[in-house]
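# Notes for the structure review
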2 protein chains.
Amino acid sequence: MPKVVDHAARRESIVQAVTHVIERNGFERLTMRELASELGYAHGALNRYFPNKQAVLTASFVHLHDQADARISRVVTGRRGLDALEAMCREILPFGDFGRRAATVVLAFWARAAQDSEIGQIHHAHNMRWRNRMRQFLLQAREDGELREDIDIDSAVSELAVRNAGWQMQASLMGSESSDETIAQSLTAHIGSLRSETAAPGTDGSGTA
Amino acid sequence: MPKVVDHAARRESIVQAVTHVIERNGFERLTMRELASELGYAHGALNRYFPNKQAVLTASFVHLHDQADARISRVVTGRRGLDALEAMCREILPFGDFGRRAATVVLAFWARAAQDSEIGQIHHAHNMRWRNRMRQFLLQAREDGELREDIDIDSAVSELAVRNAGWQMQASLMGSESSDETIAQSLTAHIGSLRSETAAPGTDGSGTA
């Protein structure tokens, strides 16, 4: 009788190993052979799950974003408006050692996405989902009267997306300029700049989501 | 008598070819052999100028930044304060086809900088020079009374660096969300947010540099 294998779990462990290898050595040096060796798999066993490097990379990219989405969904539960928006950005921004390591992986994926239309499309679709989620929170903030009246929601979404991306580079390459404290202050100030002067934080509709 | 060769011009043409190859195919696929073929050089002739891929990449990175620095120096001449700061950011931000193509090269370099300490240090030093230049313009703006009183200059420099980086990713990977108009509006609004309400643009000390 053949051994029962949890294929989903095996795919997950492969994807995690890819992330580790990229963190350590970068995308360029990732080979199917190294990856199999990292996992203690025979080369052929790996091919069964992912036919080539491209398939592995795409799966890893999706995995990284799925993880972030799961964290975001957890932290925004029961929140709305600017409170939810701030919590979401806190999960995207590269805090701590994990954030910094993930930012390095993100940079590798961006470079690849710029060259590879499959990864590029996945990146684009994911970024649009994040933008839509931020837009939804900004619309709630407007509804609740906590958004400054002169804020244009499209522009605000764009600024948030730009800042979230820019901090990935800074955390990975400009560590001296991107302590957790610096990133946190920047986020607080930016969310503050969106807030109507008449709305006090946390007193206007939070928790009604 | 040996042919007289302009070595500086030859290095420059090699570096430009590298930039084209990276734009087209990405960093990963760049080989010394392809590069020699792009230039119509024998493999050995290329090695005379750059012993290996690493040396070529470093030179290209420096070249790209030198070009940007030259453009910045040109546009800030005779300007100071927020006016100079806006002109500087306009040269860094990825406007037009050239900006978008350059952003794709920048993304490739970032990924490499995260994995290679030599490129990482060059990137870091360059980014610090840009930060210092932006700081100088902000200090002039404070001197001239055009900077909002509650602006902290360190934080303002950090925000500018983050935004300039974030737009590189957006221009390369999120073209649908980063038209020239969108980037220009974002820059104008951000510089505007630094301006003291009592200072009218262009009326306070500009041109005294």
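Source: prediction; values computed, not measured. (Residues numbered from 1 in each chain as written. Chains lettered and ligands numbered in written order. Predicted model: local features only at pLDDT ≥ 70, side-chain atom pairs only at ≥ 80, totals over all residues. Heavy atoms only, no water.)

### What to know about the nonpolar core
Grouped together as the largest cluster of nonpolar side chains are 64 residues, with contacts concentrated most on Ile 14, Leu 35 and Trp 110 of chain A together with Ile 14, Leu 35 and Trp 110 of chain B. Residue contacts for Leu 35 of chain B: discarding those within four places in its chain leaves Ile 14, Ala 17, Val 18, Val 21, Leu 30, Leu 46 and Val 56 of chain B. With 30 residues, the next largest nonpolar core counts Ala 84, Trp 130, Ala 141 and Leu 187 of chain B among its residues. (Core = buried A, V, L, I, M, F, W, Y, C linked by side-chain atoms within 4.5 Å. Buried < 20%, exposed > 50% of the residue type's maximum accessible area, 1.4 Å probe, protein only. Contact = heavy atoms within 4.5 Å.)

### Here's the deal with helix α6 (residues 96–113) of chain A
Taking 1.5 Å of rise per residue, the 18 residues of α6 of chain A would be expected to cover 26 Å, and the 25 Å separating its terminal C-alpha atoms lies within 8% of that figure. Burial of α6 of chain A is extensive: 13 of the 18 residues sit out of reach of the surface. (Helix = DSSP H or I, 4+ residues; strand = E, 2+ residues; numbered from the N terminus. Expected span 1.5 Å × (residues − 1).)

### Things to note about the interface of chain B and chain A
Between chain B and chain A, the contact holds 40 residues from the first and 40 residues from the second. Linking chain B with chain A are four salt bridges, by the criterion used here. Among the ionic pairs, Glu 159 of chain B bridges to Arg 163 of chain A, the shortest N-O distance being 2.9 Å. At the junction of chain B and chain A, the tally comes to ten residue pairs in polar contact (both at pLDDT 80 or more). Within the residue set of the side of chain B that touches chain A, elements represented by two or more residues are α1 (7–25), α6 (96–113), α7 (117–143), α8 (153–173) and α9 (180–194) of chain B. Considering each element in turn, the side of chain B that touches chain A owes the most residues, twelve residues, to α8 of chain B. (Salt bridge = Lys/Arg side-chain N within 4 Å of Asp/Glu carboxyl O. Polar contact = N/O pair within 3.5 Å; in protein donor to acceptor, adjacent residues only side chain to side chain.)

### Observations concerning the packing of α6 of chain A against α6 of chain B
At their nearest, the axes of α6 of chain A and α6 of chain B sit 8 Å apart, and the two run at 145° to each other. As α6 of chain A packs across α6 of chain B, the resulting crossing turns out to be left-handed. From α6 of chain A, Leu 107, Ala 108, Trp 110 and Ala 111 of chain A reach across to α6 of chain B, where they touch Leu 107, Ala 108, Trp 110 and Ala 111 of chain B. Residue composition of the contact of α6 of chain A with α6 of chain B, by class: eight nonpolar, no polar and no charged. (Axes fitted to C-alpha atoms, helices over the stretch in contact; angles between N-to-C directions. Left-handed = near helix turned anticlockwise from the far one by under 90°. Nonpolar A, V, L, I, M, F, W, Y, C, P; charged D, E, K, R; others polar.)

### Quick word on the relation of the copies chain B and chain A
The transform that puts chain B on chain A rotates by 180° and translates by 0.0 Å along the axis, for an RMSD of 0.0 Å. The transformation just described matches what one would write down for a two-fold rotation axis. Considering only C-alpha atoms, the part of chain B nearest the rotation axis is Gly 166 of chain B, at 1.8 Å. Most of the interface of chain B is mirrored in chain A: 100% of its interface residues are interface residues there too. (Least-squares fit on C-alpha atoms with pLDDT ≥ 70 in both.)

On their own, these measurements won't tell you what the molecule is for.
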